[in-house]
Amino acid sequence: MKQFQQVNQAAITIQTHWVATLKAREQMKQFQQVKQAAIIIQRHWVATLKARQQQKQFLLTRRAAITIQRHWTATLSTRQQLKQYHNSRGAAITIQRYWVATLKARQQQRQFQQIKQAAITIQTHWVATLRTRQQQKHFLLARRAAIIIQRHWVATLKAREQKKQCQQTRDATGSQH
């Protein structure tokens, strides 16, 4: 019975240590997830700030270009048609550049959203995989502990039965003498 208590206490100690280890691992995993999310958010924020700065710079350039074009058009209004053609051509190039820049910005935004969604999908799948592994390890640990306890209990019951049979044999042989 003392041995069973020692084994039982040892199993409880091992289980307590293992549970603490699992909790520490889970906390580390959560920390890593939070850290990774912070990195993603920081990258997104930096990209957003850059996009805002580019948009601001583009608007300033565009306003400046429009202002220059207005002054230039007013100055050239009395000049020949050829000079007006060159001015119109310059405006078309500016508009094309604006349109190309807009299309690039949209494309970058779509790519960012795709990458972000892919990262979320990968993270979700990885978290599910880690949880499954953790549950499997916990199940195996509990199963091993139950098997050890069962073996010790069966051994204890057999020892009691043998002791009882020995006692009965002694009693039977002792009463014949």
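Residues numbered from 1 in each chain as written. Predicted model: local features only at pLDDT ≥ 70, side-chain atom pairs only at ≥ 80, totals over all residues. Heavy atoms only, no water.

A. Representation of the overall build of the chain within the structure. When its secondary structure is counted, the chain shows two helices and zero strands. For the chain, the C-alpha radius of gyration of 40 Å lies well beyond 16 Å, the compact-globule estimate for 177 residues. Projected onto its principal axes, the C-alpha positions of the chain cover 145 × 20 × 10 Å. The proportion of buried residues among the 177 residues of the chain is 8%. (Helix = DSSP H or I, 4+ residues; strand = E, 2+ residues; numbered from the N terminus. Rg over C-alpha atoms; globule rule 2.2 N^0.38 Å. Buried < 20%, exposed > 50% of the residue type's maximum accessible area, 1.4 Å probe, protein only.)

B. Region of the structure containing the layout of surface pockets. In this model, the largest pocket occupies a volume close to 650 Å³. Looking at the largest pocket, it is lined by 20 residues, and the ones nearest its centre are Ala 51, Gln 54, Ala 101, Ala 105 and Gln 108. Elements with a contribution of two residues or more to the lining of the largest pocket: helix H1 (2-76) and helix H2 (81-176). Residue composition of the lining of the largest pocket, grouped by class: nine nonpolar, eight polar and three charged. (1 Å grid on protein atoms, 1.4 Å probe; cavity = no way out; pocket = protein on both sides within 12 Å on 5 of 7 lines; lining within 4 Å. Points joined across faces, edges and corners; volume = space filled by probe spheres on them. Nonpolar A, V, L, I, M, F, W, Y, C, P; charged D, E, K, R; others polar.)

C. Geometry of the packing of aromatic side chains. Taken as a whole and judged by the stated rule, the model has two aromatic pairs. Geometrically, the ring pair formed by Phe 58 and Tyr 98 is stacked, given 4.5 Å between the ring centres and 15 degrees between the ring planes. With Phe 58 in helix H1 and Tyr 98 in helix H2, the pair connects residues that are 40 residues apart, well separated along the chain. The partly exposed category is assigned to Phe 58, whose relative accessible area is 24%. Classification of Tyr 98 by relative accessible area gives partly exposed; the value is 31%. Here the guanidinium or amino end of Arg 62 rests over the ring plane of Tyr 98, the centre of that ring lying 4.9 Å away. (Phe/Tyr/Trp six-rings, centres within 6.5 Å; stacked < 30°, edge-to-face > 60°. Lys NZ or Arg CZ within 6 Å of the ring centre and 35° of its normal.)

D. Just the pattern of salt bridges, in detail. Per the counting criterion, the structure on display carries one salt bridge. Put simply, Lys 29 and Glu 26 hold a salt bridge, and the shortest N to O gap is 3.0 Å. Separated by three residues within a single helix, Lys 29 and Glu 26 lie in helix H1, roughly one turn from each other. Given the relative accessible area of 14%, Lys 29 is considered buried. (Salt bridge = Lys/Arg side-chain N within 4 Å of Asp/Glu carboxyl O.)

E. Summary view of a nonpolar patch on the surface. The grouping of Tyr 98, Trp 99 and Leu 103 at the surface amounts to a nonpolar patch, some 280 Å² of accessible area in total. Mapped onto the fold, Leu 103 is located in helix H2. (Patch = residues over 30% accessible without salt bridge, like charges linked within 9 Å, V, L, I, M, F, W, Y side chains within 5 Å. Areas by Shrake-Rupley, 256 points an atom, 1.4 Å probe, with all protein chains shown as cover.)

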